[in-house]
Amino acid sequence: MEPIHVSRTEAGFHIEGFPDAVKAIRLAGPMARRLADLWLHKLDLDFAADCLSEINQVQNVERVKREALWRSAIVHYAKCFGTSKARFQLSAAKIFRGEPLGLVAHKFFTDLRDKHLVHDENSYALCFPAAVLNRGDKSYKIEKVFCLAGFIQTLNQEHWNNLKLLVDKAHAWVVSEFDNVCDRFTKDLERKTYADLLARDGMTVRVPSLDEVSRTRDAP
């Protein structure tokens, strides 16, 4: 899974590193969709890993920055295992097969994402309404109505280590699966004639419009 370097030209985009290339042909179908999904999973896991690394570069006193990076790492990791109308979800049972502690840690972070960070359901966020009652020698009895709120802090060394291990394990699985699909695609395409391959549609890149923010994207 080597990175592809692309440069911008007057005619569009140029893929670097292939001096003998004449065309980038568009791939379509179920295997192409799986390939695209795997690459998007990789990008999310890359981002989660980057967030975890950046936490170590931020001073402890910068609480908001550290917490933002921590929450983002959890969300992008869990995103890969969530239900999506556009992308297949990774299987924790498959990736962490034979690793019961890995499955326990995975469930902790997906529950943390689902029931605390993104949707507020569990007791990791608590709020206690109260009223201050005075001693009764004033014209009024209530000094103030207020709330005391508390959030469980989950960013500690143990949780950081566990999430890093999960991200690395999932990333390794995605890379291996991506390479396998690429090999299958390559073998399938090599069986085609050169004329057939050359006649296929070229790859195009389209920037989505603002009104597409609420629509499920089309498959490759």
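Conventions adopted
Residues numbered from 1 in each chain as written. Predicted model: local features only at pLDDT ≥ 70, side-chain atom pairs only at ≥ 80, totals over all residues. Heavy atoms only, no water. Patch = residues over 30% accessible without salt bridge, like charges linked within 9 Å, V, L, I, M, F, W, Y side chains within 5 Å. Areas by Shrake-Rupley, 256 points an atom, 1.4 Å probe, with all protein chains shown as cover. Salt bridge = Lys/Arg side-chain N within 4 Å of Asp/Glu carboxyl O. Helix = DSSP H or I, 4+ residues; strand = E, 2+ residues; numbered from the N terminus. Phe/Tyr/Trp six-rings, centres within 6.5 Å; stacked < 30°, edge-to-face > 60°. Buried < 20%, exposed > 50% of the residue type's maximum accessible area, 1.4 Å probe, protein only. Lys NZ or Arg CZ within 6 Å of the ring centre and 35° of its normal. Contact = heavy atoms within 4.5 Å. Axes fitted to C-alpha atoms, helices over the stretch in contact; angles between N-to-C directions. Parallel < 35°, antiparallel > 145°, perpendicular 65-115°, else oblique. Nonpolar A, V, L, I, M, F, W, Y, C, P; charged D, E, K, R; others polar.

S.K.: It is not clear to me how a nonpolar patch on the surface should be interpreted in this structure. Could you clarify?
M.R.: A cluster of nonpolar side chains, Ile4, Val6, Phe13, Phe18, Met203 and Val205, forms an exposed patch at the surface whose accessible area comes to about 630 Å². Tracing the chain through its elements places isoleucine 4 in the segment before strand 1 (6–9).

S.K.: Is there a simple way to think about the packing of aromatic side chains in this case?
M.R.: Pairs of aromatic rings are described using the distance from one ring centre to the other and the angle between the two planes. Using the criterion set out here, one finds 4 aromatic pairs in the structure. With a centroid separation of 5.3 Å and 45° between ring planes, the pair formed by tryptophan 39 and phenylalanine 178 is classed as tilted. Within this pair, whereas tryptophan 39 is found in helix 1 (residues 30–55), its partner phenylalanine 178 is found in helix 5 (residues 157–190), the two being separated by 139 residues in sequence. You can call tryptophan 39 partly exposed: its relative accessible area is 28%. Classification of phenylalanine 178 by relative accessible area gives buried; the value is 12%. Taken together through their ring pairs, the aromatic side chains of Trp70, Phe108 and Phe109 make up a single cluster. Sitting above the plane of the phenylalanine 88 ring, arginine 34 keeps its charged end 4.3 Å from the centroid. For lysine 42, the ring lying beneath its charged end belongs to tryptophan 39, and the centroid distance is 5.0 Å.

S.K.: Just to check I follow, could you spell out the pattern of salt bridges for this structure?
M.R.: Once the charged atoms of two side chains with opposite charge are near each other, the side chains can pair. Here the structure, examined in full by the defined rule, presents 17 salt bridges. Here arginine 34 and glutamate 177 are joined by a salt bridge, their closest N and O atoms 3.3 Å apart. With arginine 34 in helix 1 and glutamate 177 in helix 5, the pair connects residues that are 143 residues apart, well separated along the chain. The class for glutamate 177 is buried, based on a relative accessible area of 17%.

S.K.: Just checking my understanding: could you explain the environment of phenylalanine 81 for this structure?
M.R.: When you line up the elements, phenylalanine 81 lands in the loop between helix 2 (63–79) and helix 3 (92–95). Residues phenylalanine 81 and threonine 110, spaced 29 residues apart in sequence, show a C-alpha to C-alpha distance of 8.3 Å. The contacts of phenylalanine 81, once residues within four sequence positions are left out, are Gln89, Leu90, Ser91, Ala92, Ile95, Phe96, His106 and Ala170.

S.K.: Can you walk me through the packing of helix 4 (residues 100–117) against helix 5 in this structure?
M.R.: Two quantities define a packed helix pair, namely the angle between the axes and the distance from one axis to the other. Packing of helix 4 against helix 5 leaves a shortest axis separation of 10 Å and a crossing angle of 105°. Compared by their axis directions, helix 4 and helix 5 come out roughly perpendicular. Along its contact with helix 4, which presents Gly102, Ala105, His106, Phe108 and Phe109, the element helix 5 presents His159, Asn162, Leu163 and Leu166. Here the contact of helix 4 with helix 5 is built from residues that sort into 5 nonpolar, 4 polar and no charged.

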